[in-house]
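Analysis of the macromolecular model
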Amino acid sequence: MMYQSTRGNNEQVTASQAILKGLASDGGLFVPDNIPQVNIKEPNFFSLSYRELAYKIMQPFLADFSENELISCIEAAYNQKFTHKKIAPLKKVGKDYYLELYHGPTLAFKDMALSILPHLMTTALKKQKVNNEIVILTATSGDTGKAAMEGFSDVLGTKIIVFYPKNGVSDVQEKQMLTQRGSNTFVVGINGNFDDAQKAVKEMFEDEELNDWLKSKNKQFSSANSINIGRLVPQIVYYFYAYQQLLEMNEIKLGEKINVSVPTGNFGNILAAYYAKKMGLPIEYLICASNENKVLTDFFTSGSYSRNRKFYVTNSPSMDILVSSNLERLLFQITNNDTTRLSSLMSSLNEKGNYELNHGEMEKLTDFYAGYTGESEIVSTVKEVFNQSAYVIDPHTAVAKKVADDFKHEKNNLNKTVIVSTASPYKFPDVFIESLEAKDKIKALHEKSHLPIPKVISELNNLQAREEHIVEISGMKEKVLEFLDS
Ligand SMILES: *Cc1c(COP(=O)(O)O)cnc(C)c1O
């Protein structure tokens, strides 16, 4: 298994090289040269623990990792750092199934991949005999930043710099980042949105002057965003695990098709579901659920992608994104690996802010159903689920729930549908509390729901916040130099 850039054929790299580089030299994303196939009907395929399943699914993608190397990465990641012994439990609530991906150390699904990425990366460093220090440069819409800093905190041979939109994250998300420990971690708020941060980070990756400077200091960049293949591969695992739990609960028969509904921003989580489907997991529909920033809904319904539109700061901030990086990997699949076509679509996106698929390409998107949910519908969905089932969902999960309901009504489809639950309600208490007008929202959420307050939340008010760094987008590079040179 080798990886190549979505935009050119020349660069063939192994998994460990792709993980270290993050982004291909031509600005494209690394993609596997084939999608490994599994046979779910082989005996005992679905009788594995999360860790065993993780090995089985990830191994073919990480072909240059030895068995021992991969197993130790998995063991270091999926352990008691997760507060649920199943790691990713599936809960039946009414007629719905919620895949809870938020039992990791930072309470969002980003932990599923970011608890293993630092281990994959340090293993890759050893394998490739790289002596440089790795500098992780990351843009965040709120959850990646904390999860990545937590994962890389005090990891030898690494430094991490996180840029977040100063006015575009929840209070808890910001507090979590500003109380992060680890002298190798650095966090900067920007006066801009996630797309601005992601674009500037991608530009720094390609900045020759900056890369030369890093080289002279024995450092090199890598990424903890889902543009890194080391983020995507671990995310495939839990779709198989959800299916296994549906089997164990006797909700489906082996081979029965299911749907998954994924609250989507950068298109990473749902792309992992698509890879799972292509590997042989019986998923019929991939439901791509957006908030008010519905660039993907418009794309899947019209074939035209345009970021030339108003950017909304919403009550589901981790999905406030107009440039969904990982869509590039889907386009690579549906154009049959046509890198020339990809280069032209991506330069159109860069220069004009949009691109359009042709008819043949559109026809290959039938795996997907796309829809969106406005802010007030998010609040009413959270309320409705709680009133009906005494189950609390966070606003991102509400987006997936609402769009899944719309899908069922529209398509009259009877498949069991897994709603991907991406964050703990404690990360975004405002939405649940909106109607209660309580001052201490976390306390109100607890009193109303009796859901235990996670330790990482109750501790937040006692932790010392660090000095805040806020910069304009044009000042991001200077901040990188300042931190690295100190
Ligand atoms: C990051 C995030 C998303 C969006 O996931 P993508 O992989 O970027 O599509 C959804 N919900 C939450 C809570 C997140 O943190």
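Reference entry: report on the structure contained in this document. Predicted, not measured: the structure shown is a model, and the values here were computed from it.

1. What about the overall build of the protein?
- Counting secondary structure elements, the protein contains 21 helices and 16 strands.
- The C-alpha atoms of the protein give 21 Å as radius of gyration, which agrees with the globular expectation for 486 residues (23 Å, within 12%).
- Across its three principal directions, the C-alpha atoms of the protein cover 60 × 50 × 45 Å.
- Burial analysis of the protein (486 residues in total) assigns 61% to the buried set.
- Within the protein, counting contacts between residues at least 6 apart in sequence, those at least 24 apart form 76% of the total.
- Summed over its atoms, the accessible surface of the protein is roughly 19,000 Å², and 46% of this surface lies on carbon and sulfur atoms.
- Treating the 53 positive side-chain charges of the protein as one cloud and the 59 negative ones as another, the clouds have centres 4 Å apart.

2. Thoughts on the packing of helix α11 (residues 268-279) against helix α13 (residues 327-334)
- The geometry of α11 relative to α13 is characterised by a closest axis approach of 9 Å and an angle of 30° between their N-to-C directions. With respect to α13, the element α11 is oriented roughly parallel. Contacts from L271, Y274 and Y275 in α11 reach R329, L330, Q333 and I334 in α13.
- A per-class count over the contact of α11 with α13 returns five nonpolar, one polar and one charged.

3. Remarks on the site of the ligand
- Not every one of the 15 residues close to the ligand is listed here, only the nearest: K110, D143, G265, N266 and N269.
- Here the ligand, which alone exposes 380 Å², has 99% of that area covered by the protein.
- Taken together, the residues of the shell around the ligand break down into five nonpolar, eight polar and two charged.

4. Digging into helix α5 (residues 117-127)
- In terms of burial, α5 is a largely internal element, eight of the 11 residues being buried.
- Of the residues flanking the end of α5, it is K129, one or two places downstream, whose phi is positive at about 50°.

5. Quick word on the packing of aromatic side chains
- Following the criterion strictly, the structure yields 22 aromatic pairs and no others.
- When the ring of Y50 is compared with that of Y78, the centres are 5.2 Å apart and the planes differ by 70°; the resulting orientation is edge-to-face. One end of the pair, Y50, is in helix α2 (residues 50-58); the other, Y78, is in the loop between α3 (67-77) and β4 (90-93), and 28 residues separate them in sequence.
- Members of the aromatic cluster, connected to one another through ring pairs, are F267, Y274, F299, F300, Y305, Y355 and F368.

6. As for the pattern of salt bridges
- By the definition in use, this model includes 29 salt bridges.
- In this structure, E482 and K479 form a salt bridge, with 3.3 Å as the shortest nitrogen-oxygen distance. One end of the pair, E482, and the other, K479, are both in helix α21 (residues 476-485), three residues apart, so they sit about a helical turn from each other.
- For K479, a relative accessible area of 12% gives the class buried.
- Taken together, the shared-partner salt bridges in this structure form one network comprising D96, K401, D405 and K408.

7. Quick word on the packing of α3 against α5
- α5 packs onto α3 with a crossing angle of 150° between their chain directions and a minimal axis gap of 9 Å. Comparing the axis directions of α3 and α5 gives the class roughly antiparallel. Along this stretch, α3 crosses α5, giving a crossing that reads as right-handed. For the pair α3 and α5, contact is made by E69, L70, C73 and A76 and by H119, L120, T123 and K127, respectively.

8. A look at the nonpolar core
- Judged by nonpolar contacts, the single largest core of 110 residues is most densely connected at Y239, F240, F267, F300, L330 and Y355.
- With 13 residues, helix α10 (residues 229-248) is the single largest residue contributor to this core.
- Beyond its immediate chain neighbours, meaning those up to four positions away, F240 contacts V38, I40, F45, F46, L53, I57, A276, M279 and L281.

9. So, α11
- Taking 1.5 Å of rise per residue, 12 residues should cover 16 Å, and α11 covers 17 Å from first to last C-alpha, within 8% of that figure.
- Where burial is concerned, most of α11 is hidden: 11 out of the 12 residues are buried.
- Where α11 is concerned, the buried positions are G268, N269, I270, L271, A272, A273, Y274, Y275, A276, K277 and M279.
- Phi for G280, located one or two positions after α11, is positive at around 125°.

10. Points about unusual backbone geometry
- Here the phi dihedral of N44 falls at roughly 65°; this positive angle occurs in a residue that is not glycine.
- Residue position: N44 is located in the loop between β3 (30-32) and α2.
- Given a relative accessible area of 60%, N44 falls into the exposed group.
- Its identity is not glycine, yet N336 carries a phi of approximately 55°, on the positive side.
- Examined against the element boundaries, N336 turns out to sit in the loop between α13 and α14 (339-352).

11. A short note on the environment of N184
- Within the element layout of this structure, N184 appears in the loop between α7 (171-178) and β8 (185-190).
- Distance in space between the C-alpha atoms of N184 and T158 is 7.0 Å, their sequence separation being 26 residues.
- The residues contacting N184, other than those within four sequence positions of it, are F152, S153, D154, V155, T158, K159, I160 and F483.
- Reaching out from N184, the side chain makes a polar contact with the backbone oxygen of T158 at a distance of 3.0 Å.

12. Re the pairing of β8
- Across the six residues of β8, six count as buried, placing the element largely inside the fold.
- The pairing of strand β7 (residues 158-165) with β8 spans six bridges and is parallel. In the strand pairing of β8, I160 is matched with T185.
- Considered for its hand, the β-α-β crossover made up of β7, α7 and β8 is right-handed.
- Where β8 meets strand β16 (residues 470-471), two bridges bridge the pair, whose relative direction is parallel. In the strand pairing of β16, G189 is matched with I470.

13. Quick look at the side chain of N193
- The topology assignment puts N193 in the loop between β8 and α8 (194-206).
- Within the local environment of N193, its side chain forms a polar contact with the backbone nitrogen of D195, the two atoms lying 3.0 Å apart.
- Beyond its immediate chain neighbours, meaning those up to four positions away, N193 contacts P165 and F311.

14. Describing the sheet that holds strand β9 (residues 219-222)
- Spatially, the five strands line up as an open sheet ordered β9-β6-β7-β8-β16, and their pairing is parallel. Of all the strands in the sheet, just β9 and β16 have a single pairing partner and so form its edges.
- Strands in contact with α21 are β6 (133-139), β7, β8, β9 and β16; relative to β7, the strand with the most contacts, it is inclined by about 150°.

Calculation criteria
- Residues numbered from 1 in each chain as written.
- Predicted model: local features only at pLDDT ≥ 70, side-chain atom pairs only at ≥ 80, totals over all residues.
- Heavy atoms only, no water.
- Helix = DSSP H or I, 4+ residues; strand = E, 2+ residues; numbered from the N terminus.
- Rg over C-alpha atoms; globule rule 2.2 N^0.38 Å.
- Buried < 20%, exposed > 50% of the residue type's maximum accessible area, 1.4 Å probe, protein only.
- Contact = heavy atoms within 4.5 Å.
- Areas by Shrake-Rupley, 256 points an atom, 1.4 Å probe, with all protein chains shown as cover.
- Lys, Arg positive; Asp, Glu negative; His and termini not counted.
- Charge placed at Lys NZ, Arg CZ, Asp CG, Glu CD.
- Axes fitted to C-alpha atoms, helices over the stretch in contact; angles between N-to-C directions.
- Parallel < 35°, antiparallel > 145°, perpendicular 65-115°, else oblique.
- Nonpolar A, V, L, I, M, F, W, Y, C, P; charged D, E, K, R; others polar.
- Near = heavy atom within 4 Å.
- Phe/Tyr/Trp six-rings, centres within 6.5 Å; stacked < 30°, edge-to-face > 60°.
- Salt bridge = Lys/Arg side-chain N within 4 Å of Asp/Glu carboxyl O.
- Left-handed = near helix turned anticlockwise from the far one by under 90°.
- Core = buried A, V, L, I, M, F, W, Y, C linked by side-chain atoms within 4.5 Å.
- Expected span 1.5 Å × (residues − 1).
- Polar contact = N/O pair within 3.5 Å; in protein donor to acceptor, adjacent residues only side chain to side chain.
- Pairing = 2+ DSSP bridges.
- Right-handed = clockwise from strand over helix to strand, strands pointing away.

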